Amino acid sequence: MSESWGGSIDLGSQSDESYQLERTHIEPIYDAFLCPLTKQLMRDPVTLENGQTFEREAIEKWFKECKESGRKPICPLTLKELRSIELNPSIGLRNTVEEWKARNESALLDMASRSLSVASSEKSVLWALKYIQHICHKSRSNKHVVCNAELIPLVVDMLKSSSRKVRTEALETLRTVAEDDADNKEAMGDPTTVRTIVKFLSHELSQERKEAVSLLCELSKSESLCRKIGDVNGAILILVGMTSSKSEDVLTVEKAEQTLENLEKCEKNVRQMAENGRLQPLLTTFLEGPPENKLAMASFIGELVLSNDIKVFVARRVGYVLVDVMISGATQAREAALNALNQISSSEASAGVLIEAGILPPLIKVLFTVGVNQLPMRLKEISATVLANLVNSGSDFSSIFVGPNRQTLVSEDIVHNLLHLISNTGPAIGCKLLQVLVGLTSSSITVLNVVSAIRSSGAIISLIQFIEAPQTELRVASIKLLNNLSPHMGQELADSLRETAGQLTSLIKVISENDGITEEQAAAVGLLADLPERDSSLTARLLDEGAFELVISRVVRIRRGEIRGSRFVTPYLEGLVRVLARLTYVLADEQRAVSLAREHDLAALFTDLLLSNGLDDVQMVSALALENLSQESKHLTQVPEAPEPGFCCSVFPCLSQRQTITGVCRVHLGFCSSRESFCLLEGKTVGKLVACLDHRNEKVVEAALAALCTLLDDGVDIEQGVLVLDEVQGIKPIIDVLLENRTESLRQRAVWASERILRREDIATELSGYQNVATALVDAFRNADYRTRQTAELALKHVNKMPNFSGIFAKMA
């Protein structure tokens, strides 16, 4: 029965391994040491009355089987009946066996120690590692033996083996040695060892990764090792990732989760977890920890860079506590709370959570409190920043009470206080409060309340002055605010810009200061675009400043593709085109506008802009500008004088013949061009305007129709204008606009144009057969305004739907 080191060792199933390792020995084994029943080494030998020795557990089982089968107890070796089944401990034999086992285990440990070497075969190393696991499972005291034999460093060295099996087994061995043994854990606490173990976490979906996380889970039960694990760069990040992985097996995820929970004993690790998206430990520490921990955690929240989802989570978990600290804490605690609130209020959803938690009333109180109880200016600045964040949440601030008398953020006295602070605090606070007003005026629900409060305060001049602020952020906020106000306070802003020095120049400088397109530039040009386009004095100032040459240059560069890529390019271009269109409203009174339009061929430029598909405002404004330009064509066209008749023609009139002058415009009856007289026909613009009549946007359709109507206006050859429209297939689209009846203003335009078109007898004859045309005109005759009804009556006469002797409108007139 004796076995030696060279005997067969099966490394198959765990049960086989345990059995083989149990029987492995170097010193010869005596038969007396083995139980005759189990053939295994006896741990508790007992002797029967006949002198035979057995393992206690084995012989007791034998006697039990005898009893259950109804047989008398017999000796399993001699098969003779026993008079007594008393078991006498064989103390001497037991001691001898224990001594033999101790000598054998010592020898095997020594052999295992010598086998843990890079020079050993893979089979030898695996045997050594499994043997160490085996003896540690047998007895807790054996773990101290392993440690005292200095086997732990040798096992750690096996983590560097080129064999994956060896590395995996070494990790499992270290875990076995460390389980429930604080000293052995400390023996593995060398930073290099910990770092090596952590590296195995990066081995995706491998057995090594599973064993490494199990080992770290065991080591993390030691507080000192918690710090060392957290010190390894990336360790906590990888563990956090494992807990949320959908590809890991359940046991690995559980081990990673348990490891992180153990690591929470170290505050530094809690911070790292928060940085990597695991906020719960930090928030728990903040909510349940001592005051000094609360202060530290609140400060840390203020320093974190959080995703929007995490901000919402934090706001829901600790938002109300932070608000309480902001209200009643000491100065240092209030500062920490405000910094944290600043961090988590910067997303729309988390800001909404804080508003529900009641942050607005105390925040307004903090901002407006003066005297001995007021906060330091640095904290007022943070408070103003938080308020600016909250206002950008999109909430309805007209229904959220912030003052003791049920005031809201847009109540007149609250807005007045905000304006007062803007004017009487430094640029930092003023900038944030301007951003508050920007947010309030960006909402259609609250903008009119703010406009009313600004009007009553007379603060528009003060607000305009910030356009010249040297601080970029302050200037941007003021321009954005004024841009929001301009649709509602356009004339007041125009008057103020004319009366003050420098602000208009500064706006123009902002528009042109770089080759990119910034939000500030888009807001600045939007502000100018919203000012009343018929304010000729302001247009004259813009001409003086050279603004239009700049605008033309920028529009051309954008159209050529020289400026692109910015998300603000669309509002910027729309604003530029609207500013440029101002020129066309003062052509009759401002010769400089005419000269500039001719010099830069604005008719051609606006014609080109009609092709800006997807930019409805650009197309609409361009069509309106072309209408204004075309209105001036009849005044700018050079009409040739008819030549004087000769002597013979005067004596003999029958010899006279009407002379034809070539090169004149059919519609304007003079010498026209797109550049000089802005003629739509010469500029080949008519067809492009007709194409716009099919646009989905009614405003674009109306603007295009208005421009086409200039070809049918008094002062031009209307019949030729109709022919021009017919040649570009423009009649049917105009009639279609009449039939669609999309808006009242479109109907008015379409009825007017239809009446002019129907003056041609051939067209009237053709359209008289279409009942829907007559129906549309009848509807206008019955339901439209007075002027349109009058025009509809004339149109109905052209298609013989109204008797010519009707004098309804003549009598009314």
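Caption draft 1: How the structure looks around the overall build of the chain. Within the chain, the regular secondary structure consists of 45 helices and three strands. For 813 residues, the compact-globule formula gives about 28 Å, and the C-alpha radius of gyration of the chain, at 47 Å, lies well above that figure. Taken along the three principal axes of its C-alpha coordinates, the chain extends 170 × 70 × 55 Å. Considering the chain as a whole, with its 813 residues, one finds that 49% of them fall into the buried category. For the chain, the proportion of contacts with a sequence separation of at least 24, taken over those separated by at least 6, is 65%.

Caption draft 2: Quick look at unusual backbone geometry. At lysine 39, a residue that is not glycine, the phi angle is positive and equals roughly 60 degrees. The phi dihedral of arginine 406 falls on the positive side, at around 60 degrees, and the residue is not glycine. Positionally, arginine 406 belongs in the loop between helix H21 (377-391) and helix H22 (412-424).

Caption draft 3: Local environment of the packing of aromatic side chains. Inspection of the entire model under this criterion finds three aromatic pairs. Between tyrosine 30 and phenylalanine 33, the aromatic rings sit 5.4 Å apart at their centres with planes inclined by 75 degrees, giving edge-to-face as the arrangement. Under the relative-accessibility criterion, phenylalanine 33 is labelled buried at 6%. With a centroid separation of 6.1 Å and an interplanar angle of 65 degrees, the aromatic rings of phenylalanine 33 and tryptophan 100 are classed as edge-to-face. Taken together, the residues span a long stretch of sequence, with phenylalanine 33 in the loop between helix H1 (14-23) and strand S1 (45-47) and tryptophan 100 in helix H3 (residues 91-115) at a distance of 67 residues. Residues phenylalanine 33 and tryptophan 100 agree in their burial class; the two are buried. Members of the aromatic cluster, connected to one another through ring pairs, are Tyr30, Phe33 and Trp100.

Caption draft 4: Highlighting the environment of isoleucine 511. Along the chain, isoleucine 511 falls in helix H27 (residues 503-512). Assessed through its relative accessible area of 2%, isoleucine 511 is described here as buried. Residues isoleucine 511 and leucine 279 lie 232 residues apart in sequence; the distance between their C-alpha atoms is 44 Å. Setting aside its immediate chain neighbours within four residues, isoleucine 511 contacts Gln521, Ala524, Val525, Leu528, Leu550, Arg554, Tyr572 and Leu576.

Caption draft 5: Summary view of the side chain of threonine 252. Here threonine 252 shows up in helix H13 (residues 250-263). The contacts of threonine 252, once residues within four sequence positions are left out, are Lys210, Val213 and Met242.

Caption draft 6: Structural view of helix H5 (residues 140-148). Among all positions of H5, only Asn142, Lys143 and Val146 are buried. End-on view of H5: buried residues confined to an arc of 110 degrees, all on one side of the axis. Seen from the buried face of H5, the exposed residues on the opposite side, beyond 90 degrees, are Arg140 and Asn148. Of the surrounding elements, those touching the buried residues of H5 are H3, helix H4 (122-138), helix H6 (151-157), helix H7 (164-178) and helix H8 (182-187). One or two residues past the end of H5 sits glutamate 150, with phi positive at roughly 55 degrees.

Caption draft 7: Representation of the nonpolar core within the structure. Among the nonpolar cores identified, the biggest contains 191 residues, and Leu387, Leu409 and Phe606 are the most heavily contacted of them. The element best represented in this core is helix H26 (residues 472-499), accounting for ten residues. Apart from residues no more than four positions distant in its own chain, phenylalanine 606 is found in contact with Val577, Leu580, Ala581, Thr584, Ser622, Ala625, Leu626 and Leu629. Within the second largest apolar cluster, 51 residues are counted, among which are Cys136, Val166, Ile197 and Ala235.

Caption draft 8: View of the sheet that holds strand S3 (residues 88-89). Read from one edge of the open sheet, three strands run S2-S1-S3, paired in antiparallel fashion. Each edge of the open sheet carries a strand with a single partner, namely strand S2 (53-55) and S3. Taken together, the two bridges between S1 and S3 define a ladder with antiparallel strand orientation. Within the sheet, the bridge partner assigned to valine 46 lies in S3 and is proline 89. Against the sheet, helix H2 (residues 56-68) makes contact with S1, S2 and S3, and its axis sits at roughly 95 degrees relative to S2, the strand it touches most.

Caption draft 9: Examining the packing of helix H33 (residues 602-609) against helix H34 (residues 616-636) more closely. Interhelical geometry of H33 versus H34 gives an angle of 150 degrees and a closest axis separation of 8 Å. The angle between H33 and H34 falls in the class roughly antiparallel. Note on packing geometry: the crossing formed by H33 with H34 is left-handed. Within the contact between the two elements, H33 uses Leu602, Ala603, Phe606, Thr607 and Leu609 and H34 uses Val618, Gln619, Ser622, Ala625, Leu626 and Leu629.

Caption draft 10: Highlighting the side chain of threonine 441. Within the secondary structure, threonine 441 sits in helix H23 (residues 427-441). A polar contact is formed between the side chain of threonine 441 and the backbone oxygen of valine 438, at a distance of 3.1 Å. Reaching out from threonine 441, the side chain makes a polar contact with the side chain of asparagine 484 at a distance of 3.0 Å. Filtering out sequence-adjacent residues up to four positions away, threonine 441 remains in contact with Val447, Val450, Leu481, Asn484 and Leu485.

Caption draft 11: Expanded view of the environment of glutamate 627. Position of glutamate 627 among the secondary structure elements: in helix H34. C-alpha separation for the pair glutamate 627 and tyrosine 585, spaced 42 residues apart in sequence, amounts to 9.9 Å. Sequence-distant contacts of glutamate 627, that is, excluding residues within four places in its chain, are made with Ala706, Ala707, Thr710 and Arg749.

Caption draft 12: Structural context of the packing of helix H31 (residues 569-581) against H33. Look at H31 against H33: their axes get within 12 Å of each other, and the N-to-C directions meet at 145 degrees. Judged by the twist between their axes, the crossing of H31 over H33 is left-handed. For the pair formed by H31 and H33, the contact residues are Val577, Leu580 and Ala581 on the first element and Leu602, Leu605, Phe606 and Leu609 on the second. Along the lines of polarity and charge, the residues of the contact of H31 with H33 split into seven nonpolar, no polar and no charged.

Caption draft 13: Focus on the confidence of the model for the chain. Summing up the model confidence of the chain, the mean pLDDT is 88 and the portion of residues at 70 or higher is 92%. Contacts for the low-pLDDT stretch residues 1-15, under 50 throughout, to residues beyond four places or in other chains number 24 contacts. Considering only residues more than four positions removed or in separate chains, one finds that residues 806-813, a stretch of pLDDT under 50, has eleven contacts.

Caption draft 14: Summary view of helix H17 (residues 308-328). For H17, with 21 residues, the first-to-last C-alpha span of 28 Å sits near the 30 Å given by 1.5 Å per residue. Roughly 65 degrees is the biggest bend found in H17, and it falls at valine 318. Listing the buried residues of H17 in full gives Ile310, Lys311, Val312, Val314, Ala315, Val318, Gly319, Val321, Leu322, Val323 and Met326. Packed against the buried residues of H17 are helix H15 (280-288), helix H16 (291-303), helix H18 (331-344), helix H19 (348-356) and helix H20 (360-368).

Caption draft 15: Focus on the pattern of salt bridges. All chains considered together, the criterion is met by 46 salt bridges. Across the pair glutamate 545 and arginine 541 runs a salt bridge whose closest N-O atoms are separated by 3.8 Å. Between arginine 559 and aspartate 608 there is a salt bridge, with the nearest N and O atoms lying 3.0 Å from each other. Of this pair, arginine 559 sits in helix H30 (residues 547-560) while aspartate 608 sits in helix H33, placing them 49 residues apart in sequence. On the accessibility criterion, aspartate 608 (30% relative accessible area) is partly exposed. Each of Glu172, Arg175, Glu179 and Glu211 takes part in salt bridges that share partners, so that together they form one network.

Caption draft 16: Inspection of the environment of alanine 315 at higher detail. Here alanine 315 lies in helix H17. Exposure remark for alanine 315: the relative accessible area of 3% places this residue in the buried category. Distance from alanine 315 to leucine 219, taken between C-alpha atoms, is 34 Å for residues 96 residues apart in sequence. Those residues in contact with alanine 315, other than ones at most four positions away along the chain, are Tyr320, Ile344, Ser350, Val353 and Leu354.

Definitions and cut-offs
Residues numbered from 1 in each chain as written. Predicted model: local features only at pLDDT ≥ 70, side-chain atom pairs only at ≥ 80, totals over all residues. Heavy atoms only, no water. Helix = DSSP H or I, 4+ residues; strand = E, 2+ residues; numbered from the N terminus. Rg over C-alpha atoms; globule rule 2.2 N^0.38 Å. Buried < 20%, exposed > 50% of the residue type's maximum accessible area, 1.4 Å probe, protein only. Contact = heavy atoms within 4.5 Å. Phe/Tyr/Trp six-rings, centres within 6.5 Å; stacked < 30°, edge-to-face > 60°. Arc of directions from axis to C-beta. Core = buried A, V, L, I, M, F, W, Y, C linked by side-chain atoms within 4.5 Å. Pairing = 2+ DSSP bridges. Axes fitted to C-alpha atoms, helices over the stretch in contact; angles between N-to-C directions. Parallel < 35°, antiparallel > 145°, perpendicular 65-115°, else oblique. Left-handed = near helix turned anticlockwise from the far one by under 90°. Polar contact = N/O pair within 3.5 Å; in protein donor to acceptor, adjacent residues only side chain to side chain. Nonpolar A, V, L, I, M, F, W, Y, C, P; charged D, E, K, R; others polar. pLDDT = per-residue confidence, 0-100. Expected span 1.5 Å × (residues − 1). Bend = angle between axes of the 7 residues up to and from the residue. Salt bridge = Lys/Arg side-chain N within 4 Å of Asp/Glu carboxyl O.

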